[in-house]
Every structure is written in C-alpha cells, then in structure tokens.
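Coordinate inspection notes
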Amino acid sequence: AQSVAQPEDQVNVAEGNPLTVKCTYSVSGNPYLFWYVQYPNRGLQFLLKYITGDNLVKGSYGFEAEFNKSQTSFHLKKPSALVSDSALYFCAVRAKNSGNTPLVFGKGTRLSVIA
Amino acid sequence: GAVVSQHPSRVICKSGTSVKIECRSLDFQATTMFWYRQFPKQSLMLMATSNEGSKATYEQGVEKDKFLINHASLTLSTLTVTSAHPEDSSFYICSARGTIGGEQFFGPGTRLTVL
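To keep things clear, this report deals only with the structure shown in the data block. (Residues numbered from 1 in each chain as written. Chains lettered and ligands numbered in written order. Predicted model: local features only at pLDDT ≥ 70, side-chain atom pairs only at ≥ 80, totals over all residues. Heavy atoms only, no water.)

Residue and element names in this part refer to chain A. Counting 28 residues, the largest nonpolar core has W35, L47, L48, F74, L76 and Y89 as its most contacted members. Those elements that place two or more of their residues in this core are β2 (10-14), β3 (19-21), β5 (31-38), β6 (44-50), β8 (64-68), β9 (73-78), β10 (87-95) and β12 (109-114). Ranked by residue count, the leading element in this core is β10, at 5 residues. Apart from the residues within four sequence positions on either side, L47 is in contact with W35, Y36, V37, G59, S60, Y61, F63, L76 and Y89. (Core = buried A, V, L, I, M, F, W, Y, C linked by side-chain atoms within 4.5 Å. Buried < 20%, exposed > 50% of the residue type's maximum accessible area, 1.4 Å probe, protein only. Helix = DSSP H or I, 4+ residues; strand = E, 2+ residues; numbered from the N terminus. Contact = heavy atoms within 4.5 Å.)

Below, the structure is given as structure tokens:
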C-alpha cells in the first residue's frame, strides 16, 4: 500500500525566512513524488515532482524539494518565504511500477507566512 | 502542459435533486480519469477510477448508485451526484491521465453545495 504523511497541520513562518514543509512516504519499490499547492476554493496547482535523477528538485515559484531515500522523505523548501505563499500544500506519491494506480495524497499542511 | 477543465465550477442545488459535473481533457486523450472528493480543510480522497469505455472502479465506502461515473469518450468523464443531500456538499476534483501509469493532471474543482 502507498501512503503519505505530512506531520504538521500548520506551519507558520515570518516573511523572508526559510520555510520547510515536511513529507514522508511509504511505497513498495521506488516512488514518484509530487508537491501541489491549493489556494482557497481553487484546484491543485503543480509545484514540482521527483521521478528520477538528481535528488534536489527545483519547481515553480522558487520552491524546491529534496528526495531522501534512506529517510523516505521529500520535504518542500523555499529559501525566503513570501506572504503570497500562504496556502495549503499537499505531498503525493505513487510507486513507479504500480500500473495505473492513482496518486495518494497526504492530509495537507497549511502554510501561513506572516508579514 | 496538459489542461483539464471542469464544469460547473460551482453549483448550488436543493436536496433531492441530481447534479452532473463534467471533466474534460482539453489537449490530450485521457485513458483514465480519477474523481476525488475534498472536505473542508481535509485531503483529497479518491472516490473512483474510470477507464474509457468501461465501468468505473469505486473505492471502498463510495456508493456507486449515488455517484454515477461515465467515461464515454477519451476526453470526457462525468460524475452525477444523484438525489443529493447536504452531506454530499463538498469540493469535487477530477484528474486525467493520458497513458497507463503516466502523469496525472488535475481539474480546477467543482464546489457543490446542497441546501
């Protein structure tokens, strides 16, 4: 079975400070990993993904994430937070050789960036 | 990139009526479409998976007679909430995949409110 854990319901950070949103996963075999952002009453916006290759993945809006196989983690990071980054963030996973199974999502982490 | 649309974006209906939500892949053929449901401040929960031309596969606990899914063409899937009740009020998000095991692209979501 595939699963994702986002241990923090809420992350608060001051504008200009670095931010980290945590994600750990569990799959059989190698994972495909994704981060999405959701603004109120809106759909999901794709931020970045890890498929293969370099463990550090750079995505949209200055976000990046590092795949750590030994820790089964894929934490989302940004060097300097903006107030406009305040939103709900979802980590998602799928096993590489899992046929046509869908993405499984974490419960989400609400990021609040304070001016 | 691949675009998925949903219509309507928002619908309000009376209890007991049926509501149809459309999901279209605009620039690719979607062999598989997924329907997710999101309650306020919660994660996306998979409701069902549909492959073009075949019956949908529903997740445990999802009533197939209440949530009718049709995937009649490679670019259109519909979700019909039959005899809607207030507890069906939610945010419904569709997702489409062009190839078996390929990347999922998400629609903008439909906010359903049942009075």
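Moving on to the pattern of salt bridges. Within the structure shown, the criterion is met by 6 salt bridges over all chains. Note that K49(A) is salt-bridged to E103(B), the shortest N-O span being 2.6 Å. With K49(A) in strand β6 and E103(B) in the loop between β9 (90-97) and β10 (104-106), this pair bridges two chains. With relative accessibility at 31%, the residue K49(A) sits in the partly exposed group. When its relative accessible area of 26% is taken as the criterion, E103(B) is described as partly exposed. Among the ionic pairs, E22(B) bridges to R24(B), the shortest N-O distance being 3.4 Å. (Salt bridge = Lys/Arg side-chain N within 4 Å of Asp/Glu carboxyl O.)

To continue, consider the interface of chain B and chain A. In this assembly, 24 residues from chain B lie in contact with 21 residues from chain A. Note on chain B versus chain A: buried area summed over both sides is about 1,600 Å², and carbon and sulfur give 49% of it. Its largest share of buried area at the contact with chain A, chain B owes to S43(B), E103(B) and F106(B), together 28% of the area lost on that side. At the junction of chain B and chain A, the tally comes to 1 salt bridge. (Buried area = accessible area lost by both parts, 1.4 Å probe.)

This part is about the pairing of β9(B). Regular strands show a simple pattern: their side chains alternate between the two faces of the sheet. Residues and elements named next belong to chain B. Taking burial as the measure, the 8 residues of β9 include 8 buried ones, the bulk of the element. The alternating pattern of β9 places S90, Y92, C94 and A96 on one face and F91, I93, S95 and R97 on the opposite face, and all of these are buried. In this sheet, β9 lies alongside strand β4 (residues 32-38) in antiparallel orientation, the contact comprising 7 bridges. What sits directly across from Q38, in β9, is F91. (Pairing = 2+ DSSP bridges.)

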